[in-house]
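What the coordinates show
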Amino acid sequence: MDKEEKISRRCKPEGNRDNGRMITSLLPLMSVLTLDNMCPDIIRHILQFLDYRSKKMLRGVSSTLKNRVEGCGDKLVHYWTFSTEFTTEQLIKFANEVETVLGLEVENATDDGVEYLVKKHPEILMFQLGKENTWKTSEFTSTGLNEIISLPSLSTLIIGRIIEFNSGINVNIVSKQLQTLHLIYRTLYNDWYLQILKQCTFKSLTLKNSPCFENVDLCHCIHLRDNGLLQILQLCGSTLRSLDISGAFINGENLSEYKGTLPCLENLNMKKCYKLTNKGLLQILQLCGSTLRSLNLLETNITGRNLSEYKGTLACLENLNMIFCRQLTDKGLLQVLQLCGSTLRSLDITGVFINGENLSEYKGTLPCLENLNMSYCYQLANKGLLQILQLCGSTLRSLDISGTHVTGENLSKYKGTRSCLENLNMRFCKEVTDIGLLQMLQFCGSTLRSLDISEANITGENLSEYKGTLPCLENLNMNECKQLTNKGLLQILKLCGSTLRSLNISFTNITVENLSEYKETLPCFENLTMSHDFV
């Protein structure tokens with residue numbers, strides 16, 4: 001046998017012939033290669049390129065994949081939550097017994113125990129001390145906190161307890177992945193959190209690379225002042241996407257000292273920042289206006305009148321909350337809309353003292369506005385509502401004008417595009433008349449899904465004049481409509497009976513006997529509420 005024949009025999013696959021076809025042991029290699037049948041070495045190699053979230057998702061696909069991944073020595077979900085308080089001995093025992101710790105939530109801990117934990121488990125990504133309603137002072141101090149922030153891969157730090165701040169601490173944030181700092185609740189007598197944040201910008205800080213904070217929640221940090229906010233922005237302003245400083249005692253005016261912009265900021269919550277001024281708001285918008293998508297100014301004293309000084313527009317702003325901004329004026333609202341009206345999707349001005357009548361001066365429309373809440377705008381009347389609806393057009397889906405002086409009677413003057421309104425809340429609009437309701441339905445009746453006219457002084461009897469039906473109406477609330485008559489209710493049911501699912505006629509003069517007079521069927525009907533006063 002020559003050399004070439006020996007080689008060919010040695011390389012020939014083992015197997016047998018079946019009807020002239022060779023069946024070999026190589027055939028399994030022809031099947032589809034998946035993670036279910038892949039060899040462990042390849043899986044282990046793939047896992048090296050996945051972060052822990054991706055690995056967690058991979059384990060959740062099936063029990064087979066979970067076993068295969070863990071079989072490669074990668075038990076990837078190690079988040080531990082304890083409701084008990086840890087002594088030093090208990091924390092050391094925990095650190096020794098557990099193989100991997102990616103996240104740890106404890107009610108309390110000690111500095112010595114945390115120091116040992118950090119040395120034993122440098123892989124920790126998330127650490128939380130205490131919960132939102134915890135008022136007790138922790139045995140854990142800023143010394144232990146400094147151990148935690150020295151973790152090389154820390155991405156989330158949540159502190160919910162009062163801790164003692166030791167003077168002379170030299171903060172050293174090692175992790176380049178720290179994205180979320182959550183200070184759950186602050187007390188009046190402990191401002192360690194502000195000192196920590198100040199440490200992060202002092203010269204004593206040794207940072208080769210600034211941490212990439214994306215989300216900073218300083219809600220109810222009542223000790224936070226303008227200088228503190230300035231220092232926070234100097235630390236992480238270039239990467240911030242979300243900032244919550246609600247309840248902080250800041251006016252924003254010194255932010256003109258901030259060198260740079262907030263190029264990534266999308267969500268800004270300044271609700272109940274009672275010291276915030278018009279000038280301060282203008283300074284803040286100059287820093288982040290081009291990227292901001294959501295702005296919450298609830299219960300601030302903003303009037304909006306100096307926003308004309310803003311250079312440019314808020315080209316990305318979609319959600320604006322100005323609930324109970326009692327100082328907001330009609331001119332201020334006009335300036336707000338001139339900045340962001342073309343992109344707004346949701347606007348809430350509940351409880352604001354505006355009438356809306358000067359919005360005829362607004363050059364443009366509100367082409368994206370879907371949700372508009374003007375409830376309890378006590379100065380809002382028919383003319384103002386008409387002006388606003390002329391601007392909104394066909395995109396408006398939800399309108400809340402509850403508690404206003406709107407009667408609805410001048411909507412016949414509406415000359416805009418066809419309405420697509422689906423949800424209309426006129427609760428407590430006690431001046432709404434039968435004529436007003438008729439005109440309102442002529443405006444949006446063909447698309448309405450939900451209508452609340454609780455406590456309106458309507459009888460419903462003139463709805464026989466309505467040309468058409470209410471083909472989409474599913475929910476109708478006429479609670480405490482004291483003037484509603486049996487004839488009026490029958491007229492309404494004729495318009496929407498085929499689609500109506502829920503009807504509330506509590507505290508009206510309607511009885512079950514009255515309802516029996518309706519001769520058609522209610523094929524979709526599910527809920528009827530008919531509570532009455534009992535004498």
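Residues numbered from 1 in each chain as written. Predicted model: local features only at pLDDT ≥ 70, side-chain atom pairs only at ≥ 80, totals over all residues. Heavy atoms only, no water.

1. A short note on the overall build of the protein
The cut-off we apply is this: Helix numbers and strand numbers start at the N terminus; a helix is a DSSP run of H or I with at least 4 residues, a strand a run of E with at least 2. Relative accessibility thresholds used throughout: buried, under 20% of the residue-type maximum; exposed, over 50%; partly exposed, between the two (1.4 Å probe, protein chains only). Only heavy atoms matter for contacts: two residues are in contact if any of them lie within 4.5 Å across the pair. Here the Shrake-Rupley method, with its probe set to 1.4 Å, supplies the accessible areas, and only the displayed protein chains count as covering residues.
What the protein contains, in helices and strands, is 15 helices and 20 strands. Counting only residues that meet the buried cut, the protein has 49% of its 535 residues in that class. Long-range contacts, defined here as pairs at least 24 residues apart, represent 75% of the contacts in the protein between residues at least 6 apart. Counting only carbon and sulfur atoms, one obtains 50% of the accessible surface of the protein, whose full area is about 26500 Å².

2. What about the pattern of salt bridges?
The line we're drawing: Salt bridges are identified by distance alone: a Lys or Arg side-chain nitrogen within 4 Å of an Asp or Glu carboxyl oxygen.
This model, assessed by the stated rule, comprises 9 salt bridges. The salt bridge partner of lysine 119 is glutamate 115, with a shortest N-O separation of 3.4 Å. Taken together, the residues lysine 119 and glutamate 115, both in helix H6 (residues 111–120) and 4 residues apart, mark about one turn of the helix. When the shortest N-O distance is used, the salt bridge between glutamate 526 and arginine 501 registers 2.9 Å. Here glutamate 526, found in the loop between helix H15 (512–515) and strand E20 (527–529), pairs with arginine 501, found in the loop between helix H14 (486–496) and strand E19 (502–504); they are 25 residues apart in sequence, far enough to count as distant. Judged by its relative accessible area of 51%, glutamate 526 is exposed. Of the residues examined, arginine 501 reaches a relative accessible area of 32% and is grouped as partly exposed.

3. A short note on the nonpolar core
Heads up, the rule is: By nonpolar core is meant a set of buried Ala, Val, Leu, Ile, Met, Phe, Trp, Tyr and Cys residues that side-chain atoms within 4.5 Å join together.
Formed by 136 residues in total, the largest nonpolar core has its most connected members in Met270, Ile349, Met374, Leu399 and Met478. When sequence neighbours within four positions are dropped, the list of residues in contact with isoleucine 349 reads Met322, Leu328, Leu333, Ile354, Asn373, Met374 and Cys377. Membership of the second largest hydrophobic core comes to 6 residues, among which are Met38, Ile43, Leu58 and Leu65.

4. Topic: helix H11 (residues 330–340)
Within H11, 9 of the 11 residues are buried, which leaves it mostly tucked inside the rest of the structure. Listed in full, the buried residues belonging to H11 are Asp330, Gly332, Leu333, Leu334, Gln335, Val336, Leu337, Leu339 and Cys340. If you follow the buried residues of H11, they end up packed against strand E12 (319–321) and strand E13 (346–348).

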